[in-house]
Amino acid sequence: MSSVLYDVPGPKAVARNRILGVITILVVLAIIGFLVWRLAATGQFTAQKWSAFTYTNVWASILDATVATLSAFAAAAVGALALGFVLAIGRLSDHAWVRWPFTAVIEVFRAIPVLVFMFLLYYGFPVIGVRMEPYWAVVIALICYNGSVLAEVIRAGVESLPRGQSESGYAIGLRKAGVMRLILLPQAIRAMMPVIIAQLVVTLKDTALGFIITYPELLFYAKYIGAQPSVGSPIIPATIIVGAIYITLCLVLSFVANLVEKRLRRSPRVTAVAAAAQPAQQAGTDTELIVAQRGLGRHDGTSV
């Protein structure tokens, strides 16, 4: 027996896969147990290490760092989405003199690591007399990199649609801007929404790179409080707390993005476009489509 993509495993393969699964789980649990044991053996769970987090001002500083992280992420996410749409539309242009410059910008922005971009903006620009705050260095670097990645995501979503989608728009008199705005982009965004969500999560996590250029976000404060000998240098507890905050923020972002995706699926415009394309996708030939539109049944002699 086989499925579409692979052969269905037999009894021996199922038993072997179960054994390998159990062994993998045991190995992972052993590694986690060893790490917890080492943390306990080095006193990372003692009351002294966690005493710093019993002070209200410490949690107030963590809240401020969280706000700084979200502030940089919000500006970078909006800017990256806007830049991604602009770059994608430019790269999809029919004119080479428009398409090639946008393609070059996308490739350059994608090739430069985010951290190098931040270094260039924060430490390099002062050499030419341009001083930039850490916040703007973080935001601009994230916008340029993630915007170029999202541009490729949107372009791939548009080009993955059937050619008949755009041809039908041109057939009713729409220009390319109208075809892109009314027909292609709604479907492409819906199709590529999981990838867009994943890239926004990456944007949120990349704000942590700002601590290297002294931007006071979560990781920066975790390093600061972990280096204080007066409270026992709680670098591990601070990292655990900050990591839990990052995980929570990413889960909330994914939840909100999934809600947006469900609303897009129920959007009247997107539903209408998908429904309009459905008959053309189901029909096997032009003859079948014409006969079906006339209500005469299939061309094999059957009737409705």
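Residues numbered from 1 in each chain as written. Predicted model: local features only at pLDDT ≥ 70, side-chain atom pairs only at ≥ 80, totals over all residues. Heavy atoms only, no water.

It is worth spelling out the overall build of the chain at this point. When helices and strands are counted, the chain shows 12 helices and zero strands. Across the chain, helices and strands are ordered from the amino to the carboxyl terminus as α-α-α-α-α-α-α-α-α-α-α-α. Burial analysis of the chain (304 residues in total) assigns 36% to the buried set. Sequence-distant contacts in the chain: of pairs separated by 6 or more residues, those separated by 24 or more amount to 68%. For the chain, the accessible area works out to roughly 18400 Å², and carbon and sulfur atoms hold 68% of it. (Helix = DSSP H or I, 4+ residues; strand = E, 2+ residues; numbered from the N terminus. Buried < 20%, exposed > 50% of the residue type's maximum accessible area, 1.4 Å probe, protein only. Contact = heavy atoms within 4.5 Å. Areas by Shrake-Rupley, 256 points an atom, 1.4 Å probe, with all protein chains shown as cover.)

Mapped onto the elements of the fold, Leu218 is located in helix H9 (residues 218-226). For Leu218, a relative accessible area of 1% gives the class buried. Put simply, Leu218 and Thr69 are 149 residues apart on the chain and 6.5 Å apart in space, counted from C-alpha to C-alpha. Non-local contacts of Leu218, meaning those with residues more than four positions away in its chain, are made with Ile62, Ala65, Thr66, Thr69, Val242, Ile245, Tyr246 and Leu249.

Turning our attention to helix H4 (residues 96-111). Here H4 is 16 residues long and its end C-alpha atoms lie 22 Å apart, about the 22 Å a rise of 1.5 Å per residue gives. Check the buried side of H4 and you find it contacts helix H3 (56-91), helix H5 (114-124) and helix H6 (134-159). (Expected span 1.5 Å × (residues − 1).)

Let us now look at the side chain of Arg91. Along the chain, the position of Arg91 falls in helix H3. Under the relative-accessibility criterion, Arg91 is labelled buried at 18%. Within the structure, the side chain of Arg91 is placed 2.6 Å from the side chain of Glu152, a separation counted as a polar contact. What Arg91 contacts, discounting residues up to four positions off in sequence, is Arg99, Phe102, Thr103, Ile106, Glu107, Glu152 and Arg155. (Polar contact = N/O pair within 3.5 Å; in protein donor to acceptor, adjacent residues only side chain to side chain.)

Within soluble globular proteins, side chains that are nonpolar tend to cluster in buried spots. Counting 29 residues, the largest nonpolar core has Phe53, Ile62 and Leu218 as its most contacted members. Of all the secondary-structure elements, those providing two or more residues to this core are H3, H6, helix H8 (176-206), H9 and helix H10 (235-265). Top contributing element to this core by residue count: H10, with eight residues. Apart from residues no more than four positions distant in its own chain, Phe53 is found in contact with Val58, Trp59, Ile62, Pro234, Pro237, Ala238 and Ile241. Membership of the second largest hydrophobic core comes to 19 residues, among which are Ala72, Phe109, Val114 and Tyr215. (Core = buried A, V, L, I, M, F, W, Y, C linked by side-chain atoms within 4.5 Å.)

A few words now on the packing of aromatic side chains. Applying the stated criterion to the full structure yields nine aromatic pairs. With centroids separated by 6.0 Å and ring planes inclined at 55°, the aromatic side chains of Trp50 and Phe53 adopt a geometry described as tilted. Judged by its relative accessible area of 27%, Trp50 falls in the partly exposed class. Since its relative accessible area comes to 9%, Phe53 is described here as buried. (Phe/Tyr/Trp six-rings, centres within 6.5 Å; stacked < 30°, edge-to-face > 60°.)

Attention shifts here to the packing of H5 against H6. For the pair H5 and H6, interaxial distance at closest approach is 9 Å and the crossing angle is 140°. Regarding the angle of H5 to H6, the classification is oblique. Every pair of crossing elements has a handedness; the one defined by H5 and H6 is right-handed. Of H6, the residues touching H5 (which contributes Val114, Phe117, Met118, Leu121 and Tyr122) are Pro134, Ala137, Val138, Ile140, Ala141, Leu142, Cys144 and Tyr145. (Axes fitted to C-alpha atoms, helices over the stretch in contact; angles between N-to-C directions. Parallel < 35°, antiparallel > 145°, perpendicular 65-115°, else oblique. Left-handed = near helix turned anticlockwise from the far one by under 90°.)

Let us look at a nonpolar patch on the surface. A grouping of Val22, Ile25, Leu26, Val28, Leu29, Ile32, Val36, Phe45 and Ile240 is seen on the molecular surface, where their side chains present a nonpolar patch of about 810 Å² in accessible area. Classification of Val22 as partly exposed rests on a relative accessible area of 48%. (Patch = residues over 30% accessible without salt bridge, like charges linked within 9 Å, V, L, I, M, F, W, Y side chains within 5 Å. Salt bridge = Lys/Arg side-chain N within 4 Å of Asp/Glu carboxyl O.)

Worth remembering: the numbers are spatial, not functional.
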